[in-house]
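# Descriptive analysis of the structure
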Amino acid sequence: VIAAQRSSEIAQIASSVVELNRIFKDLASLVIDQGTVLDRIDFNTEKIYQRSDEAKGQLHQAVKRKKESDSRAWKCLLVWGTADLILLIVLLIKYQLKYGLKNVAMFLVAIAVMLTVCYFALKQYKPKVISEGPAYFEKVIPEGWRPEDLWKKLRPGPVNSAKM
């Protein structure tokens, strides 16, 4: 009887060892799978860092191009203003020849007075937008109506929905 009992206990221990072996094999396969997933995550993280560095370089190039195009726009505006000034002088010469010097002088005085009034009015009543800059809009625009908030409402992506 004792031998049979011992034999059944040994068989139980053997089946427990076989089950423990199966559990360790399952655990090993899970560890291998998790290692593969971690390797993929690490690879993707490195790609993200590389792409963010590339994006940073592209942003610097975009800023440089914008500055160049802004200076180009100012040059065009200057050329346009110069052309307008030349055409105004030609028009004034034409009026002087046609109507006389008195009328042209009154026209120039009227233009000078209007420009002076505009200059002093802008200097006197300088808008808060110019003096305070973007901080002015933060005070004036109510909460929820700022462009960032409206963009989050219009396009709630994973990043925007996480911030809300």
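Since this is a predicted model, take the numbers as computed values, not measurements.

## A look at the overall build of the protein chain
Regarding its fold elements, the protein chain presents six helices and zero strands. Starting at the N terminus and walking to the C terminus, you meet the elements of the protein chain as α-α-α-α-α-α. The 164 residues of the protein chain split such that 4% are buried. In the form shown here, the protein chain has an accessible surface area of approximately 15100 Å², with 67% of it arising from carbon and sulfur atoms.

## Things to note about the pattern of salt bridges
Per the counting criterion, the structure on display carries one salt bridge. Here Arg22 ties to Asp26 by a salt bridge, and the two come within 3.3 Å at their closest N and O atoms. Here the residue Arg22 and the residue Asp26 both occupy positions in helix H1 (residues 2-99), the gap between them amounting to four residues, near one helical turn.

## Section: the confidence of the model for the protein chain
It should be kept in mind that the predicted coordinates are not to be read in detail where pLDDT is low. Considering every residue of the protein chain, the mean pLDDT works out to 81; 87% of them sit at 70 or more. Within the protein chain, no element has a lower average pLDDT than helix H6 (residues 158-163), which sits at 54, and none a higher one than H1, at 87.

## What to know about a nonpolar patch on the surface
Among the surface-exposed residues, Leu85, Leu88, Ile89, Leu91, Ile93, Tyr95, Leu97, Tyr99, Phe107 and Leu108 lie close enough to one another that they form a single nonpolar patch of about 930 Å² accessible area. For the nonpolar patch, the elements supplying multiple residues, two or more each, are H1 and helix H2 (101-124). Considering every element that reaches the nonpolar patch, the biggest residue donor is H1, with eight residues. Position of Phe107 among the secondary structure elements: in helix H2. Among the residues examined, Phe107 registers a relative accessible area of 34% and is labelled partly exposed.

## Here's the deal with H1
With 98 residues, H1 extends 139 Å between its outermost C-alpha atoms, agreeing within 8% with the 146 Å of an ideal straight helix rising 1.5 Å per residue. Just downstream of H1, Gly100 is the residue with a positive phi angle, here 105°.

What counts and how
- Residues numbered from 1 in each chain as written.
- Predicted model: local features only at pLDDT ≥ 70, side-chain atom pairs only at ≥ 80, totals over all residues.
- Heavy atoms only, no water.
- Helix = DSSP H or I, 4+ residues; strand = E, 2+ residues; numbered from the N terminus.
- Buried < 20%, exposed > 50% of the residue type's maximum accessible area, 1.4 Å probe, protein only.
- Areas by Shrake-Rupley, 256 points an atom, 1.4 Å probe, with all protein chains shown as cover.
- Salt bridge = Lys/Arg side-chain N within 4 Å of Asp/Glu carboxyl O.
- pLDDT = per-residue confidence, 0-100.
- Patch = residues over 30% accessible without salt bridge, like charges linked within 9 Å, V, L, I, M, F, W, Y side chains within 5 Å.
- Expected span 1.5 Å × (residues − 1).

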